[in-house]
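The lines below spell out each chain.
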Amino acid sequence: MSFLNTCRVRICPVHWLLILSLLALALAGCVSPKERFERAQKDAEQGRYAEAAREYVELLEEEPDYPRARRNLLDVAGRAIDNSMADARSAREAGRFVEAVRHLDAVRSLQSACQRVDVDIRLPEGDASLRDRTRTRAADQLMATADAAARAGDWPAAVDAYEEVRSFAETSDRRTKIDRRQAEVLMGWADAEMQDGRFPTAYRRAAGVFELLPESHDLVEEAKALPAPAAFLCIR
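Computed from a prediction, not measured in an experiment: that's the story for all the values here.

1. Some thoughts on the side chain of Gln111
For step 1, the next point in the chain: Along the chain, the position of Gln111 falls in helix 6 (residues 97-116).
For step 2, the next point in the chain: Those residues in contact with Gln111, other than ones at most four positions away along the chain, are Ile121 and Leu123.

In structure tokens, the structure reads:
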């Protein structure tokens, strides 16, 4: 028996099955340029213009000179943007400003993707103004939702709403206002936890105030003044 035969690695059937499965998964994830082009065409034929545009972008990132892909991307991206703008306006008219912002963000995202493959997509006239106005209305709407949850003592919902509205805050004044409101909610939540005897949890809620407000703020002083049992149980 040769040295090579004695050193041959033996793989049990179970390991062979695992290797073949991983290989099949790897091959399944590989899409040829032709397949990607055909998928994009099918999406476009079925009116899924945004999905088609993403396929064309990925195709052009792999094959910048693929025939007709650039021209097709220009067409489907324009249709996708028209659809998103229409959806944004419908959502605005229905008072769903957060949803409207998401549609307008999709327009910007698609334009940015097209620019990566040197396809110039122009935004509709008035897009910037519409987006700014819609973001302002969305922020007002979320702020009202957060304030209502805070007044009702629904602390988790209030915290989540303030976190969401922060992403719409365009000015430092509004961000400062959000920080103050969220800190008040955290202290209210901490107080409720204290009354229920959940001292470590109460201390963790109050600790969030330190991340939101400056050291000199009255709510920071209030958080520091938590009863000793809460701090003691949290540290133990």
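2. Let's talk about the confidence of the model for the protein chain
As a note on interpretation, predicted positions should not be read in detail where pLDDT is low.
For step 1, the next point in the chain: On average, residues of the protein chain score 84 in pLDDT, and 83% of them reach the 70 mark or higher.
For step 2, the next point in the chain: No element of the protein chain has a lower mean pLDDT than helix 1 (residues 3-6), at 44, and none a higher one than helix 5 (residues 69-93), at 95.
For step 3, the next point in the chain: Predicted confidence is poor over residues 24-28, with pLDDT under 50, and the contacts of this stretch with residues over four places away or in other chains come to zero contacts.
For step 4, the next point in the chain: Throughout residues 230-236 the model reports pLDDT below 50, and contacts reaching past four residues in sequence, or to other chains, amount to nine contacts.

3. Concerning the packing of aromatic side chains
For step 1, the next point in the chain: Within this structure, the stated rule accounts for two aromatic pairs.
For step 2, the next point in the chain: Aromatic pair Phe37 and Tyr66: ring centres 5.3 Å apart, planes at 35 degrees, arrangement tilted. Placement of Phe37 in helix 3 (residues 33-45) and of Tyr66 in the loop between helix 4 (49-62) and helix 5 is noted, with a sequence separation of 29 residues between them.
For step 3, the next point in the chain: On the basis of relative accessible area, Phe37 is assigned to the buried category, the value being 7%.
For step 4, the next point in the chain: Counting every residue linked through ring pairs, the aromatic cluster contains Phe37, Tyr56 and Tyr66.
For step 5, the next point in the chain: In this structure, Arg205 packs its charged tip against the face of Trp189, placed 3.8 Å from the ring centre.

4. Structural notes on unusual backbone geometry
For residues that are not glycine, phi is negative in most cases, and the peptide bond is trans in most cases.
For step 1, the next point in the chain: Unusually for a residue other than glycine, Arg68 sits at a positive phi of about 70 degrees.
For step 2, the next point in the chain: Looking at where Arg68 falls in the secondary structure, it is placed in the loop between helix 4 and helix 5.
For step 3, the next point in the chain: We note that Asp118 has phi near 60 degrees; this positive angle belongs to a residue other than glycine.

5. Regarding the nonpolar core
General note: in soluble globular proteins, nonpolar side chains tend to be found buried as a group.
For step 1, the next point in the chain: Tyr162, Val165, Phe168, Val185, Val209 and Leu213 are the most contacted members of the largest nonpolar core, which totals 35 residues.
For step 2, the next point in the chain: For this core, the elements supplying multiple residues, two or more each, are helix 6, helix 7 (127-151), helix 8 (155-166), helix 9 (172-195), helix 10 (199-212) and helix 11 (218-224).
For step 3, the next point in the chain: Not counting chain neighbours up to four residues away, the residues in contact with Val185 comprise Ala150, Trp155, Ala158, Val159 and Tyr162.
For step 4, the next point in the chain: With 26 residues, the next largest nonpolar core counts Val76, Ile81, Leu110 and Cys114 among its residues.

6. Quick notes on the environment of Arg108
For step 1, the next point in the chain: Here Arg108 is to be found in helix 6.
For step 2, the next point in the chain: In this structure, the C-alpha to C-alpha distance between Arg108 and Ile81, residues 27 residues apart in sequence, is 8.9 Å.
For step 3, the next point in the chain: In this structure, Arg108 is in contact with Leu123, Asp127, Ala128 and Arg131, ignoring residues within four places of it in sequence.
For step 4, the next point in the chain: A distance of 2.9 Å separates polar atoms of two side chains, one belonging to Arg108 and the other to Asp127.

7. Examining the layout of surface pockets
For step 1, the next point in the chain: Its boundaries defined by the atoms lining it, the largest pocket holds a volume of some 240 Å³.
For step 2, the next point in the chain: What lines the largest pocket is a set of 14 residues, among which Ala50, Arg54, Ser84, Ala106 and Leu110 lie closest to the centre.
For step 3, the next point in the chain: Put simply, the parts of the chain that give the lining of the largest pocket at least two residues each are helix 4, helix 5 and helix 6.
For step 4, the next point in the chain: Looking at the lining of the largest pocket, the element that brings in the most residues is helix 6, giving six residues.

8. A few points about the pattern of salt bridges
For step 1, the next point in the chain: Taken as a whole and judged by the stated rule, the model has 22 salt bridges.
For step 2, the next point in the chain: As a salt-bridge pair, Arg36 and Glu58 come within 2.7 Å of each other at their nearest N and O atoms. Highlighted residues: Arg36 in helix 3 and Glu58 in helix 4, separated in sequence by 22 residues.
For step 3, the next point in the chain: For Glu58, a relative accessible area of 37% corresponds to the partly exposed category.
For step 4, the next point in the chain: Note that Arg36 is salt-bridged to Glu62, the shortest N-O span being 3.6 Å. Placement of Arg36 in helix 3 and of Glu62 in helix 4 is noted, with a sequence separation of 26 residues between them.

9. Let's talk about the environment of Tyr49
For step 1, the next point in the chain: Turning to its location among the elements, Tyr49 is positioned in helix 4.
For step 2, the next point in the chain: Remark: the alpha-carbon pair of Tyr49 and Asp75, spanning 26 residues in sequence, is separated by 8.9 Å.
For step 3, the next point in the chain: With near-sequence residues (within four places) excluded, Tyr49 lies in contact with Ala44, Val76, Arg79, Ala80 and Asn83.

How each quantity is defined
Residues numbered from 1 in each chain as written. Predicted model: local features only at pLDDT ≥ 70, side-chain atom pairs only at ≥ 80, totals over all residues. Heavy atoms only, no water. Helix = DSSP H or I, 4+ residues; strand = E, 2+ residues; numbered from the N terminus. Contact = heavy atoms within 4.5 Å. pLDDT = per-residue confidence, 0-100. Phe/Tyr/Trp six-rings, centres within 6.5 Å; stacked < 30°, edge-to-face > 60°. Buried < 20%, exposed > 50% of the residue type's maximum accessible area, 1.4 Å probe, protein only. Lys NZ or Arg CZ within 6 Å of the ring centre and 35° of its normal. Core = buried A, V, L, I, M, F, W, Y, C linked by side-chain atoms within 4.5 Å. Polar contact = N/O pair within 3.5 Å; in protein donor to acceptor, adjacent residues only side chain to side chain. 1 Å grid on protein atoms, 1.4 Å probe; cavity = no way out; pocket = protein on both sides within 12 Å on 5 of 7 lines; lining within 4 Å. Points joined across faces, edges and corners; volume = space filled by probe spheres on them. Salt bridge = Lys/Arg side-chain N within 4 Å of Asp/Glu carboxyl O.

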